[in-house]
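As a plain string of letters, each chain reads:
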There are 2 protein chains.
Amino acid sequence: MSVIRLLLAYDGTDFHGWARQPGVRTVEGVLEEALGRVLGERPRLSVAGRTDAGVHALGQVASFPAPDGLDPARVQRAVNGLLAPEVVVRSARHAPAGFDARRSATAREYLYRIRTHPVADPFTARFVWHRPGLLSSTAMRRAARALLGEHDFASFCRAAPAPATTVRTLRRLAISVTGDLVGVRAVADAFLHQMVRSLVGTLVEVGDGRLDAGSMQDILDARSRSAAGKVAPPHGLTLMRVFYGRK
Amino acid sequence: MSVIRLLLAYDGTDFHGWARQPGVRTVEGVLEEALGRVLGERPRLSVAGRTDAGVHALGQVASFPAPDGLDPARVQRAVNGLLAPEVVVRSARHAPAGFDARRSATAREYLYRIRTHPVADPFTARFVWHRPGLLSSTAMRRAARALLGEHDFASFCRAAPAPATTVRTLRRLAISVTGDLVGVRAVADAFLHQMVRSLVGTLVEVGDGRLDAGSMQDILDARSRSAAGKVAPPHGLTLMRVFYGRK
């Protein structure tokens, strides 16, 4: 057996997220079924980012064990023939033995997009959160700096069954402004459940003045979901890239 | 009575075009219904570009007679509250007496977008025709030059009940290439039915070598739909702008 590595893009609008669940349509579900038609049996997929319902991906990475003779280009063509343009295999290739899309990943990069113009835009509505009203990028950047680095991000994690640790290292949290489009780019070793959307929701409340940019340390210290801002809606979020190699 | 002028954007994917038709969902239909809720009765809309099923608009213009005291800003808010983000009123304002979105328009500008990359893109799939394979922009530009100006465009018109004349003046037909994205921008006084999509379909056949760039005059002279290339699919087409004022 060898390992095949897929680079994936998808429009998450009509999916209940990545992870296979009984009775609902998920990216993993449709992809495993499509791969099953090529391979003869459904593979067990490993994925770098288990995106939530409505979240998109431009640079998701998944991997699965495959028979040695399987041509990755054939896998790509077959899956794209079945699933494009909603789910697209951007590339497929053999990975070194032992490669696992989730365990081998050293960092993930997400981009959250916000439209601040008073009027909605039909052309970006699926991928950008329309939240009319000015946001102070100065205040947002000040708050973002306080969140960088290694912290216990429990306040920015959905209160689901707690993972072993809620400590993560946020390497980048950058605010960009292009006209009426505000982008929040986040890079971390790994993210907690709804962490990017919680960070964005909090930064937006800083940007519109409801929260003080200086209060981030207090929010972190609280280790309570209720201390942070509201979770931003899923459709503004896209998994952009997964990093492999040295941490 | 005064006249209100609307600047509209819409995602045409889930509409059977602009023009109201019984039993199907059209942009005119949903817009007239929404305006009817604000005005108390459905207005009679005039529109600059009667876009086909699946065609989008960024800068469509429509107008209707309205009671003198009606605040255009209220119309905009009410319609956007009902229809955004699929259909959006970008602006609403009083127009000079006698203004009619269709009759007063002096030119229309359309943009057709083509993705030539081998793999589809989930993020642009609704608004861009995915047609893998290189296109020669040199050949396309040569052909486009031969189509500029006043011609009988019968070969580029859907063979429906013939209009009084199929002579139109094509002021601009510009090819742009940005990475894997080819854009065809067309400006004319007015367009015949499916004319932009017929021009694009023909230019694509020139771009991939099936048609000779020097054959445009022959195609025009034939005055027959079958002389031109295949009609490009609707979803790549967007009405960008309508011009008013001196011809």
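Residues numbered from 1 in each chain as written. Chains lettered and ligands numbered in written order. Predicted model: local features only at pLDDT ≥ 70, side-chain atom pairs only at ≥ 80, totals over all residues. Heavy atoms only, no water.

Student: Describe the pattern of salt bridges, naming the residues involved and giving the relevant values.
Tutor: Using the criterion set out here, one finds 24 salt bridges over all chains in the structure. Among the salt bridges present, the one from Arg103 of chain B reaches Asp100 of chain B, with a minimum N-O distance of 3.7 Å. Relative accessible area serves as the criterion here: at 14%, Asp100 of chain B is assigned to the buried category. Salt bridges linked by common partners bring Arg131, Glu205, Asp208 and Arg210 of chain A together as one network. (Salt bridge = Lys/Arg side-chain N within 4 Å of Asp/Glu carboxyl O. Buried < 20%, exposed > 50% of the residue type's maximum accessible area, 1.4 Å probe, protein only.)

Student: Help me get a handle on the packing of helix H3 (residues 137-147) of chain B against helix H4 (residues 195-207) of chain B, residues and values and all.
Tutor: Residues and elements named next belong to chain B. Where H3 meets H4, the axes come as close as 8 Å, and the angle between the chain directions of the two elements is 140°. By the angle between their directions, the pair H3 and H4 is classed as oblique. The two elements H3 and H4 cross, and the hand of that crossing is right-handed. On H4, the residues touching Ala139, Met140, Ala143, Ala144 and Leu147 of H3 are Leu199, Leu203, Val204, Val206 and Gly207. (Axes fitted to C-alpha atoms, helices over the stretch in contact; angles between N-to-C directions. Helix = DSSP H or I, 4+ residues; strand = E, 2+ residues; numbered from the N terminus. Parallel < 35°, antiparallel > 145°, perpendicular 65-115°, else oblique. Left-handed = near helix turned anticlockwise from the far one by under 90°. Contact = heavy atoms within 4.5 Å.)

Student: Now, about the interface of chain B and chain A: what can you tell me, with residues and values included?
Tutor: Taken together, the 23 residues of chain B in the interface contact 23 residues of chain A. Each partner contributes to the roughly 1500 Å² buried at the junction of chain B and chain A, and carbon and sulfur atoms together form 79% of this total. Considering only the side of chain B, the residues that lose the most area to chain A are Val119, Pro122 and Phe123 of chain B, jointly responsible for 43% of the buried surface there. At the junction of chain B and chain A, the tally comes to 0 salt bridges. Taken together, the links from chain B to chain A amount to 0 residue pairs in polar contact (both at pLDDT 80 or more). Residue assignment for the side of chain B that touches chain A shows that the elements contributing at least two residues are strand S1 (2-10), strand S3 (56-66), helix H2 (72-83) and strand S4 (87-95) of chain B. Partitioned by chemical class, the residues of the side of chain B that touches chain A number 14 nonpolar, 4 polar and 5 charged. (Buried area = accessible area lost by both parts, 1.4 Å probe. Polar contact = N/O pair within 3.5 Å; in protein donor to acceptor, adjacent residues only side chain to side chain. Nonpolar A, V, L, I, M, F, W, Y, C, P; charged D, E, K, R; others polar.)

Student: I'd like a rundown of the pairing of strand S5 (residues 105-115) of chain A, residues and numbers included.
Tutor: For a regular strand, side-chain orientation follows a simple rule: the groups alternate between the two sheet faces. Residue and element names in this part refer to chain A. For S5, the tally of buried residues reaches 10 of 11 residues, placing the bulk of the element in the interior. Across 7 bridges, S5 lies against strand S10 (residues 237-244) in antiparallel orientation. Across the sheet, the residue bridging to Ala107 is Phe243, located in S10. Judged from the 8 bridges that link them, S5 and strand S9 (residues 181-188) form a sheet pairing that is antiparallel. Along S9, the bridge assignment pairs Leu111 with Arg185. Both S5 and strand S6 (residues 129-130) contribute to a ladder of 2 bridges, which runs parallel. Across the sheet, the residue bridging to Ile114 is Trp129, located in S6. (Pairing = 2+ DSSP bridges.)

Student: Explain empty space enclosed by the protein residue by residue, including any values.
Tutor: Applying the stated criterion across every chain yields a total of 1 cavity of 30 Å³ or more. In this structure, the largest cavity occupies an estimated 40 Å³ of space. The wall of the largest cavity is formed by Pro122, Phe123, Thr124, Ala125, Arg126 and Phe127 of chain A together with Phe123, Arg126 and Phe127 of chain B. Class assignment for the residues of the lining of the largest cavity results in 6 nonpolar, 1 polar and 2 charged. (1 Å grid on protein atoms, 1.4 Å probe; cavity = no way out; pocket = protein on both sides within 12 Å on 5 of 7 lines; lining within 4 Å. Points joined across faces, edges and corners; volume = space filled by probe spheres on them.)

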